[in-house]
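# Notes for the structure review
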Amino acid sequence: MESELDPTRLAIEYLRRDKSALTPAEYLKKLKQLRLEFEDLLTLSHTELKEEIDFAWRLGIH
């Protein structure tokens, strides 16, 4: 089993747990958006990631 974090796999797992009713087109659009976001997050250093998490927490995004 591969344990490496993959942006596409993370996006699919996120959408799998999301309870929103999406059309196939909306699902693909959201998948692409999330994949890019996860790709960006995986390139951050530990400090940069902590700053992003703190910023999201202050905005009320958990």
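Procedures and definitions
- Residues numbered from 1 in each chain as written.
- Predicted model: local features only at pLDDT ≥ 70, side-chain atom pairs only at ≥ 80, totals over all residues.
- Heavy atoms only, no water.
- Helix = DSSP H or I, 4+ residues; strand = E, 2+ residues; numbered from the N terminus.
- Buried < 20%, exposed > 50% of the residue type's maximum accessible area, 1.4 Å probe, protein only.
- Areas by Shrake-Rupley, 256 points an atom, 1.4 Å probe, with all protein chains shown as cover.
- Patch = residues over 30% accessible without salt bridge, like charges linked within 9 Å, V, L, I, M, F, W, Y side chains within 5 Å.
- Salt bridge = Lys/Arg side-chain N within 4 Å of Asp/Glu carboxyl O.
- Axes fitted to C-alpha atoms, helices over the stretch in contact; angles between N-to-C directions.
- Parallel < 35°, antiparallel > 145°, perpendicular 65-115°, else oblique.
- Left-handed = near helix turned anticlockwise from the far one by under 90°.
- Contact = heavy atoms within 4.5 Å.
- Nonpolar A, V, L, I, M, F, W, Y, C, P; charged D, E, K, R; others polar.

## Quick notes on the overall build of the chain
Broken down by element type, the chain carries three helices and zero strands. Written out in order from the N terminus, the α and β elements of the chain read α-α-α. Expressed along its principal axes, the backbone C-alpha trace of the chain runs to roughly 35 × 35 × 15 Å. Looking at the chain as a whole, 10% of its 62 residues are labelled buried. Counting every atom, the chain has about 5,600 Å² of accessible surface; 58% of that belongs to carbon and sulfur.

## Notes on a nonpolar patch on the surface
A cluster of nonpolar side chains, namely Leu41, Leu49 and Ile53, defines an oily patch on the protein surface of about 240 Å² accessible area. Structurally, Ile53 is set in helix H3 (residues 46-59).

## Examining the packing of helix H1 (residues 7-17) against helix H2 (residues 24-42)
At a minimum axis distance of 8 Å, the contact between H1 and H2 shows a crossing angle of 130°. The angle between the axes of H1 and H2 places the two elements in the oblique class. Handedness of the H1/H2 crossing: right-handed. Side by side, H1 and H2 meet where Pro7, Thr8, Leu10, Ala11, Ile12, Tyr14 and Leu15 of the first sit next to Tyr27, Lys30, Leu31, Leu34, Arg35, Phe38, Glu39 and Leu42 of the second. Classifying every residue of the contact of H1 with H2 by side-chain character gives 11 nonpolar, one polar and three charged.

## Details of the environment of Leu44
Looking at the secondary structure, you find Leu44 in the loop between H2 and H3. Look at Leu44 and you get partly exposed, because its relative accessible area is 27%. Non-local contacts of Leu44, meaning those with residues more than four positions away in its chain, are made with Leu49 and Glu52.

Take it as geometry only, folks, not as evidence of what the structure does.
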